[in-house]
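# An overview of the molecular structure
Spelled out, the chains give:
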Amino acid sequence: SLPAVDPAVAATADDIAEMEIRGAATIADAAAEALARQAAQSDVDSPSAFRQQLRAAAKTLYETRPTAVSLPNALRYVLRGMSGETVSELRASIIARAEEFQHDLTQAQSKLGEVGSNRLRDGDVVMTHCHSTDALSCLEAALEDGKELEAIVKETRPRKQGYITAGRLRELGVPVTLIVDNAARRYLDRADHVLVGADSIAADGSVINKIGTSGLAVNARERGVPVMVAAQTIKLHPDTMTGHTVEIEMRDELEVLTDNERAAIGDEQAGEGLTVENPAFDVTPPRYVDAIVTERGQFPPESVVTLMRELFGESTGEPWEP
Ligand code: RUB
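Let me begin by describing the structure that accompanies this report. (Residues numbered from 1 in each chain as written. Predicted model: local features only at pLDDT ≥ 70, side-chain atom pairs only at ≥ 80, totals over all residues. Heavy atoms only, no water.)

### Here's the deal with the sheet that holds strand 4 (residues 193–196)
Read across the sheet, seven strands follow the order 3-2-1-4-7-9-10 without closing on themselves; strand pairing throughout is mixed. Looking at strand neighbours, the two that pair on one side only are strand 3 (176–179) and strand 10 (297–299), the edges of this open sheet. For this sheet, the mean angle separating the axes of adjacent strands, direction not counted, is 25°. Across the sheet, helix 7 (residues 162–171) touches strand 1 (125–128), strand 2 (150–154) and strand 3, and the angle it forms with strand 2 is around 160°. (Pairing = 2+ DSSP bridges. Helix = DSSP H or I, 4+ residues; strand = E, 2+ residues; numbered from the N terminus. Axes fitted to C-alpha atoms, helices over the stretch in contact; angles between N-to-C directions. Contact = heavy atoms within 4.5 Å.)

### Brief notes about the environment of Pro-319
By the secondary structure assignment, Pro-319 is in the segment after helix 11 (304–312). Spatially, the C-alpha atom of Pro-319 lies 11 Å from that of Leu-54, the residues being 265 residues apart in sequence. Beyond its immediate sequence surroundings of up to four residues, Pro-319 is in contact with Tyr-62, Pro-72, Leu-75, Arg-76 and Leu-79.

### Regarding the packing of aromatic side chains
What characterises a pair of aromatic rings is the spacing of the ring centres plus the angle enclosed by the ring planes. All chains considered together, the criterion is met by two aromatic pairs. Consider the rings of Tyr-77 and Phe-101, whose centres lie 5.6 Å apart with planes at 45°: the pair is tilted. Here Tyr-77 is found in helix 4 (residues 70–80), whereas its partner Phe-101 is found in helix 5 (residues 87–117), with 24 residues between them in sequence. Here the guanidinium or amino end of Arg-97 rests over the ring plane of Tyr-77, the centre of that ring lying 3.8 Å away. Above the plane of the ring of Phe-281 lies Lys-210, whose end atom (NZ or CZ) is 4.4 Å from the centre. (Phe/Tyr/Trp six-rings, centres within 6.5 Å; stacked < 30°, edge-to-face > 60°. Lys NZ or Arg CZ within 6 Å of the ring centre and 35° of its normal.)

### Side note on the pattern of salt bridges
With the rule as written, the count across this model stands at 15 salt bridges. Of the charged contacts in the structure, one is a salt bridge between Asp-290 and Arg-221, with a shortest N-O distance of 3.6 Å. Pair noted here: Asp-290 is in the loop between strand 8 (281–284) and strand 9 (291–294) and Arg-221 is in helix 9 (residues 213–223), with a separation of 69 residues, a long-range link. The partly exposed category is assigned to Arg-221, whose relative accessible area is 37%. In this structure, the salt-bridge partner of Glu-249 is Arg-251, at a minimum N-O distance of 2.7 Å. On the accessibility criterion, Arg-251 (16% relative accessible area) is buried. Each of the salt bridges in this network shares a partner with another, and the network as a whole consists of Arg-65, Arg-159, Glu-249, Arg-251 and Glu-255. (Salt bridge = Lys/Arg side-chain N within 4 Å of Asp/Glu carboxyl O. Buried < 20%, exposed > 50% of the residue type's maximum accessible area, 1.4 Å probe, protein only.)

### Focus on the side chain of Thr-67
Summarising the element assignment, Thr-67 is placed in the loop between helix 3 (47–62) and helix 4. Relative accessible area serves as the criterion here: at 1%, Thr-67 is assigned to the buried category. Of the polar contacts made by the side chain of Thr-67, one reaches the backbone nitrogen of Glu-249; its length is 3.0 Å. Ignoring any residue separated from it by four or fewer positions in sequence, one finds Thr-67 in contact with Asp-199, Ser-200, Ile-208, Val-246, Glu-247, Ile-248, Glu-249 and Phe-281. (Polar contact = N/O pair within 3.5 Å; in protein donor to acceptor, adjacent residues only side chain to side chain.)

### Description of the packing of helix 1 (residues 7–17) against helix 3
Packing of helix 1 against helix 3 brings their axes to within 8 Å, and their N-to-C directions diverge by 15°. Taken together, the axis directions place helix 1 and helix 3 in an arrangement best described as roughly parallel. At the point where helix 1 passes helix 3, the crossing takes the right-handed sense. Here helix 1 contributes Val-9, Thr-12, Ala-13 and Ile-16 to the contact with helix 3, which in turn contributes Ala-57, Thr-60 and Leu-61. Broken down by class, the residue content of the contact of helix 1 with helix 3 amounts to five nonpolar, two polar and no charged. (Parallel < 35°, antiparallel > 145°, perpendicular 65-115°, else oblique. Left-handed = near helix turned anticlockwise from the far one by under 90°. Nonpolar A, V, L, I, M, F, W, Y, C, P; charged D, E, K, R; others polar.)

This is the structure in structure tokens:
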């Protein structure tokens, strides 16, 4: 059995599960931070107990949400940097590796932003879905280059992360038109780009992102609006190279239908004949994606597997396995 994890790690895990901490890059950053915290706080005296405790912490963080591969990629990256003979050496190696990870994450996001901004022209109107820090990085870089942009922001039911995007874009001085998800196709007439983030990218170039992304991409193709996916390479899902599929998280039905709303439609209790399903993500096939923008440049979705092989090689298995 694995030793108990630090309360701060358990708190981070709860925050991820409850979406107080959300979005693939932010989750990865918090997970690395939590492992550093575990290392710093650990009071075990044997190197093997220390290693076990770090693995237990990684497992606790891993079991929160299944879809964003940035989480296991972050855990694996930090744990693989664990080295040394003594507890204090092991501790120092984890803390340094987590810091390096967090630093690289920030760097990758700003580099990716510069690449993505090259696709945007002065005066462009960009339609967004959900809230993605990678996608926003592209808009920020374009604004820094002096381009003027407008945004059409989809609300993004059920959790309305579009509000976060709208708020951030207003801070940046971008005029925002907020629409309900159902209005997206109508407003594609006015959009020059669809810009979204990703939770995972599969080896065939499929993009796994917030539920509704695939419908948006199909509509955008039909309207001739290019779809750009902003995803740093930590979003590449190495297990998909060996045939695994990406698990789509199913969330609580209360996010969709409150108890009062359920009662109002005459169904007193869950499980009484009315089923609510709440998938958090969907899969957009590569043919509906024009470009995947990473810190290594932009890629057509079909060629992303080359990058995946180069960066992840043989890394499969659970993140805490050596
Ligand atoms: C968030 C979501 C975002 C990606 C990318 O879903 O789908 O588009 O995670 O975000 P949720 P980022 O709100 O359910 O976590 O670019 O910040 O990594």
